[in-house]
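Observations on the three-dimensional arrangement
So the chains spell out like this:
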Number of protein chains: 2
Amino acid sequence: MSLRRQLAELLVLRCSGHLLDQQRRYPQWEASNAELQHWLAEGVGGVILLGGSAAELALRCRQLQQWASTPLLLCADVEEGVGQRFEGASWLVPPLALGGVHQHNPTAAIELARAYGRCTGMEALALGLNWVLGPVCDVNNNPANPVINVRAWGETSESAAALSRAFTEGLQGSGVLGCAKHFPGHGDTASDSHLELPLIPHNLTRLNAVELPPFKAAIDAGVASVMTAHLLLPALDPKRPATLSPAVLEQLLRKELGFSALVVTDALVMEAISSRYGAGEAAALAFEAGADLILMPADAGAALDALEAGFRSGRFSSARLEQSLHRRRAALARTTPSPSTAQEGLDQLAAMTAEHSGLSHQLLERSLECQGQGPPAGPGLNLIRVDKSLNCPALPLQAPALIRPAQLGFTPRLIDDLAGPLKLRSLGDGPVLLQLLVRGNPFRGSADGGNPWQRLVGELLEQQRLAGLAVYGSPYLWRELSALLPQNIPAAYSPGQMPAAQELVLQAMGLGTCASDNGFTD
Amino acid sequence: MSLRRQLAELLVLRCSGHLLDQQRRYPQWEASNAELQHWLAEGVGGVILLGGSAAELALRCRQLQQWASTPLLLCADVEEGVGQRFEGASWLVPPLALGGVHQHNPTAAIELARAYGRCTGMEALALGLNWVLGPVCDVNNNPANPVINVRAWGETSESAAALSRAFTEGLQGSGVLGCAKHFPGHGDTASDSHLELPLIPHNLTRLNAVELPPFKAAIDAGVASVMTAHLLLPALDPKRPATLSPAVLEQLLRKELGFSALVVTDALVMEAISSRYGAGEAAALAFEAGADLILMPADAGAALDALEAGFRSGRFSSARLEQSLHRRRAALARTTPSPSTAQEGLDQLAAMTAEHSGLSHQLLERSLECQGQGPPAGPGLNLIRVDKSLNCPALPLQAPALIRPAQLGFTPRLIDDLAGPLKLRSLGDGPVLLQLLVRGNPFRGSADGGNPWQRLVGELLEQQRLAGLAVYGSPYLWRELSALLPQNIPAAYSPGQMPAAQELVLQAMGLGTCASDNGFTD
């Protein structure tokens, strides 16, 4: 096999889960079908899929495998159940919900995290994925973290470690590979590596105490891969971000932690890397630092050129390449084959989602919080905040957040980034039921940099117009706002934003009716 | 074969194009998979599909056929190309656009309508449909019509007839069945039969002059089915709506127009019928009046019970049943088989959509109207009106209507039914680029019953703040608003609302850049 073909096996390209070129949501980042066919024929060994429904994913995975000249690693960022990204599969509450449970009931939390992993793995496999890019092993000890937040398994190192381990066991036990990320720990940052290169000021002692235990636990559980973080850790490497740092990958991850399976970069197309090093050199530096797989190179051709040049010039040894290829094949050998047809996979999925609805529901119930007494007194305004109302998977037209309050006379009003600034006087003067679908940084989405919800809740309370409060997503926002409320105001929180979470939250607030009459609880 | 089984063949049930029960958007109307399997095993002979992408539809059609005990009629309301409802297939401008072209260039319009039909038929067949519920043969001679509007092929009887004929020829030439609707003509109503029973005061002389010619043209072209309208026509039948009227179906359609193929009811679940007659009796009355197929009975079991009772009691003759079954089988015999696997069908679709992009583009260009000079001067506000921003297929996150104006400094702001009343003072005081995605009744969506856009345009002009105007959809709204504008203000109109229409409209207004850089023009 030619050197270039061997190198191509190490690339993981991004593609849309939709089947037709014109359905791509981000054509600037997602290869067209002609490009995919070209690269897969050239020997590219992995694809990361984003977008599309479960049914589309099932077709797509088989199509890609058919176009490929080598067995593929097919992966997706399905950290919160396959349904988080591929509609039709099970969509679970974010992991941090179990981090909360772990604080007072570790045994139950660990059992649920294992079931969470199993659910994700089984459904991924049915659809055709063999590699799930989770668990997120970062410890979310910085509530202002804009990018990890509820994706983490805990706010403490202990919870994150115990649950990452259990998730990995459940996941990989179902026959797919896992991926512990983002090494050596992305929890304690307040900036977003999608946009810039965050800096972690900690030294090895601190990393060993806080950031590394979840990775050690996942490695101990046999996790098949570790994903690097686009972070600068001057105490370990003053020059290069973790993704490109031999000190972090070779020294810390391989030697000190003894990790011998696949190391994969985070997406090299991300600004923090691509703008500094260029598409080709970023790939070469990552490989040089110890990465086996190159995820989403900004330019696949340039990455192959740079890697090939490194071998021709003697910068890399063939033993090093052999090692990476071997690790990739060893990983593939651990996977269970998916059902051969899409329809078979979907029939399996239908049975699985029915079986997993108990888990989904248990996770929702365990992480539900509520106070006050309902139902809210209407008629009034049902003010719903979402990041983006366009194509919002949490809000189908018959979402409980819309239709339950309507049954009590609350008229829905959506506010999002495209709705302009929120003015209290534009809300009329009746009661307001406030529903906030806010994840990540609770301060995000306000033009003035403050927390507009605290102010709005304060003003509505002052005018005795707050009929109720529902928070979906951020536990930080919930803690902050629920503390402001007097006991008579119905309020509830779920870490999940999906319709089933809305159903449960609104029921807790006295707005639910029969839970089984709209199909969202299954 | 049992009587009940034979009767079941005449039912057409509604099902979601999505594959999994939990993906149904309207579970109260869409049968679950268990229900579908039950009814198909009982011999139900037709399914109407709504929702899902092209890929999901391709899987679903094959799944339904596999569950069925008889070859199925599989239909959908894809009046504006299969992509209108199933993302991934070609989405064409509404038919009325060609009605406009037909006024000054009948030859070109007829040729395009034929290609429109061919495009729709080929793509439907590739995905697994064998019956397209079009052409809409209604003459849209009432601009206030809330339900037909741009779905019609013309505002005059001549245009509607010529184009309905050409569409039918193109459609059925590709191997699928067509359906002329809504007999005897739904164009001249100002109320919506989804909500109440509209009344048409015309007599036969007037119907023969205006409403009937498009149906005659489609019948002459060999259309395989005619769909009845839920309308009261006292001059023909003082008691019963067309769907349930022997005078309309037997006398007018069968005898006077000589139509011998399939007569199908419009959805019996619609309020105008279901609330008056009940699920069972509505089906029996429709059959008695001359309908062969019962579309979307409010309750399939009740419909079968009522039909069966009618035979047992001698209300219906077995010859009449034999006739309907024969017509159904004769229709099925006219269809071409779809590719046997979903992936085969999707591969065909991919080639077809590439081939049909020329037609899509030509239809858009032919129906584009513009005036004034661009580009609009930013920075300012990009105010976009849509009916519903939630799950709006016309507005993916990278829709030209959002991103093109942003490139010139216009900040997007969405207004829809859930955004609350529009207040001019909430728009700040800079320039406003106004984009209206409005179809159907131009007055819809305003609380005060007037036309808020006329007033808003007037106020913005008065304040010299109107930077530009784009109208997508209603030609009536465009005529009304464009007449208000001085020549220096860039403004354009497309009957289409899809991203490719936005690209073209904004280009005409000086807001486009390279047309090929976002994939929407294909």
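Computed from a predicted structure; not experimentally measured. (Residues numbered from 1 in each chain as written. Chains lettered and ligands numbered in written order. Predicted model: local features only at pLDDT ≥ 70, side-chain atom pairs only at ≥ 80, totals over all residues.)

**Looking at the overall build of chain A**
Spelled out, the test is: What counts as a helix is a DSSP run of H or I of at least four residues, what counts as a strand is a run of E of at least two, and both are numbered from the N terminus. Only the C-alpha atoms count toward the radius of gyration. The rule for a globule is 2.2 Å times the residue count to the power 0.38. Put plainly, a residue is buried at 20 or more neighbouring C-beta atoms within 10 Å of its own, exposed at 12 or fewer, and partly exposed in between, counting only other residues' C-beta atoms, which are placed from the backbone. Once C-beta atoms are placed from the backbone, any two residues with those atoms within 7 Å are in contact.
Counting secondary structure elements, chain A contains 17 helices and 14 strands. Scaling as 2.2 N^0.38, a compact globule of 522 residues should have a C-alpha radius of gyration of about 24 Å, and chain A matches this with 23 Å. For chain A, the spread of C-alpha atoms along the three principal axes comes to 75 × 50 × 45 Å. The 522 residues of chain A split such that 59% are buried. Summarising the internal contacts of chain A: among those between residues at least 6 apart in sequence, 77% fall at separations of at least 24.

**Focus: the relation of the copies chain A and chain B**
Rule in force here: Copy-to-copy superposition: least squares on the C-alpha atoms, limited to residues that have pLDDT of at least 70 in both copies.
When chain A is fitted to chain B, the best match, at an RMSD of 0.0 Å, comes from turning it 180° and sliding it 0.0 Å along the axis. The two molecules are tied by a two-fold rotation axis, judged by turn and shift. Distance from the rotation axis, computed per C-alpha, reaches its smallest value in chain A at N391 of chain A: 2.3 Å. The residues that chain A uses at the interface reappear at the interface of chain B in 100% of cases, marking a shared surface.

**Comments concerning the interface of chain A and chain B**
For the record, the criterion: The residue classification treats Ala, Val, Leu, Ile, Met, Phe, Trp, Tyr, Cys and Pro as nonpolar and Asp, Glu, Lys and Arg as charged. All others, Gly included, are polar.
Taken residue by residue, the interface counts 42 residues in chain A and 43 residues in chain B. Taken together, the elements giving at least two residues each to the side of chain A that touches chain B come down to helix 3 (54-67), helix 13 (342-367) and strand 11 (410-415) of chain A. Within the side of chain A that touches chain B, the residues separate by chemical class into 18 nonpolar, 15 polar and 9 charged.

**As for the packing of helix 14 (residues 400-407) of chain B against helix 17 (residues 499-508) of chain B**
If you want to describe how two helices pack, look at the angle between their axes and the distance between the axes. Residues and elements named next belong to chain B. Rules: With axes taken as lines fitted to C-alpha atoms, and helix axes fitted only over the stretch in contact, angles between N-to-C directions fall between 0 and 180 degrees. For classification, angles of less than 35 degrees are called roughly parallel, those exceeding 145 degrees roughly antiparallel, those between 65 and 115 degrees roughly perpendicular, and all remaining angles oblique.
Contact geometry for helix 14 and helix 17: axes closest at 9 Å, N-to-C directions at 30°. Between helix 14 and helix 17, the angle is such that the two are roughly parallel. Note on element contacts: helix 17 touches helix 14 through P499, Q502, E503 and L506, opposite P400, A401 and R404. The residue inventory of the contact of helix 14 with helix 17, partitioned by class, reads 4 nonpolar, 1 polar and 2 charged.

**Notes on the domain arrangement of chain A**
Residue and element names in this part refer to chain A. Going by this rule: Domain delimitation follows an automatic or database domain assignment.
According to the domain assignment, chain A contains domain 1 (74-351) and domain 2 (368-508). Of the residues lining the interface, 12 residues belong to domain 1; the matching set on domain 2 comes to 14 residues. Tallied by class, residues from the side of domain 1 that touches domain 2 come to 9 nonpolar, 2 polar and 1 charged.

**Some words on helix 15 (residues 452-462) of chain B**
In an α-helix, one turn spans 3.6 residues; hence positions three or four apart end up facing the same way. Residues and elements named next belong to chain B. What counts here: Note: the arc covers the axis-to-C-beta directions of the helix.
Among the residues of helix 15, those classed as buried are W453, L456, V457 and L460. In an axial view of helix 15, the angular spread of the buried residues amounts to 100°, which keeps them on one side of the axis. Buried-residue contacts for helix 15 involve strand 12 (432-438), strand 13 (466-473) and helix 16 (475-482). Positive phi shows up at Q464, right after helix 15, with a value of about 55°.

**Description of the sheet that holds strand 5 (residues 180-183) of chain A**
All names here are of chain A. Applicable threshold: For two strands to pair, DSSP has to find at least two bridges joining them.
Spatially, 3 strands are ordered 5-6-7 in an open sheet, and the strand pairing comes out parallel. If you trace the sheet from one side to the other, it starts and ends with strand 5 and strand 7 (262-264), each paired once. Taking each pair of neighbouring strands and ignoring which way they run, the sheet shows an average axis angle of 25°. When strand 6 (residues 225-228) meets strand 7, the two strands line up parallel, connected through 3 bridges.

**Concerning the nonpolar core**
As a reminder, the rule being used: Nonpolar cores are identified as sets of buried Ala, Val, Leu, Ile, Met, Phe, Trp, Tyr and Cys residues joined via C-beta atoms within 7 Å.
Judged by nonpolar contacts, the single largest core of 356 residues is most densely connected at V12, L127 and I294 of chain A together with L127 and I294 of chain B. Apart from the residues lying within four places of it in its own chain, the contact partners of I294 of chain A are L10, L11, V12, T265, L268, A283, A286, F287 and A303 of chain A.

**Digging into the sheet that holds strand 1 (residues 11-16) of chain B**
Residue and element names in this part refer to chain B. The strand order 4-3-2-1-8 describes an open sheet built from 5 strands, whose pairing is parallel. Across the chains shown, the open sheet's two edge strands, defined by having one partner strand only, are strand 4 (131-132) and strand 8 (294-295). Note: strand 2 (residues 46-50) against strand 3 (residues 73-76), 3 bridges, orientation parallel. Paired with G46 across the bridge in strand 3 is L73.

**Here's the deal with helix 17 (residues 499-508) of chain A**
All names here are of chain A. Across the 10 residues of helix 17, 10 count as buried, placing the element largely inside the fold. Looking at the buried residues of helix 17, the elements they touch are helix 13, strand 9 (369-371), helix 14 (400-407), strand 13 (466-473) and strand 14 (491-494). Count one or two residues on from helix 17 and you reach G510, which has phi positive near 90°.

**Some points on the pairing of strand 14 (residues 491-494) of chain B**
All names here are of chain B. Along strand 14, one buried face is formed by A491 and Y493 and the opposite face, lined by A492 and S494, is buried too. The pairing of strand 9 (residues 369-371) with strand 14 spans 3 bridges and is antiparallel. Within strand 14, the residue paired with C370 across the bridge is A492. Across 4 bridges, strand 13 lies against strand 14 in parallel orientation. Looking at the pairing, Y472 lines up with S494 of strand 14.

**Here we look at the environment of A483 of chain B**
Residue and element names in this part refer to chain B. Locating A483 in the fold gives a position in the loop between helix 16 and strand 14. Under the C-beta neighbour-count criterion, A483 is labelled exposed, with 8 such atoms within 10 Å. Once the C-alpha coordinates of A483 and A166 are considered, the two residues, 317 residues apart in sequence, prove to be 33 Å apart.

**Considerations on the environment of G185 of chain B**
All names here are of chain B. Relative to the elements of secondary structure, G185 occurs in the loop between strand 5 (180-183) and helix 7 (204-220). Linking G185 and V136, residues 49 residues apart in sequence, is a C-alpha distance of 9.1 Å. Beyond its immediate chain neighbours, meaning those up to four positions away, G185 contacts D138, V139, L207, E211 and L212.

**Things to note about unusual backbone geometry**
For the peptide bond that leads from F183 of chain A to P184 of chain A, omega is 5°, which places it in the cis range. Within the secondary structure layout, P184 of chain A lies in the loop between strand 5 and helix 7 (204-220). Put simply, G378 of chain B and P379 of chain B share a cis peptide bond, and its omega is -5°. Relative to the helices and strands, P379 of chain B is located in the loop between strand 9 and strand 10 (380-385). Its identity is not glycine, yet N149 of chain A carries a phi of approximately 50°, on the positive side. Within the secondary structure, N149 of chain A is located in the loop between strand 4 (131-132) and helix 6 (157-173). On the neighbour-count criterion, N149 of chain A (24 C-beta atoms within 10 Å) is buried.

**A closer look at the environment of Q251 of chain B**
All names here are of chain B. As for its placement among the helices and strands, Q251 is situated in helix 8 (residues 246-256). Given 15 C-beta atoms within a 10 Å radius, Q251 is considered partly exposed. Between the alpha carbons of Q251 and G290 there is a distance of 9.3 Å; along the sequence they are 39 residues apart. Setting aside chain neighbours within four positions, we find Q251 in contact with P246 and E256.

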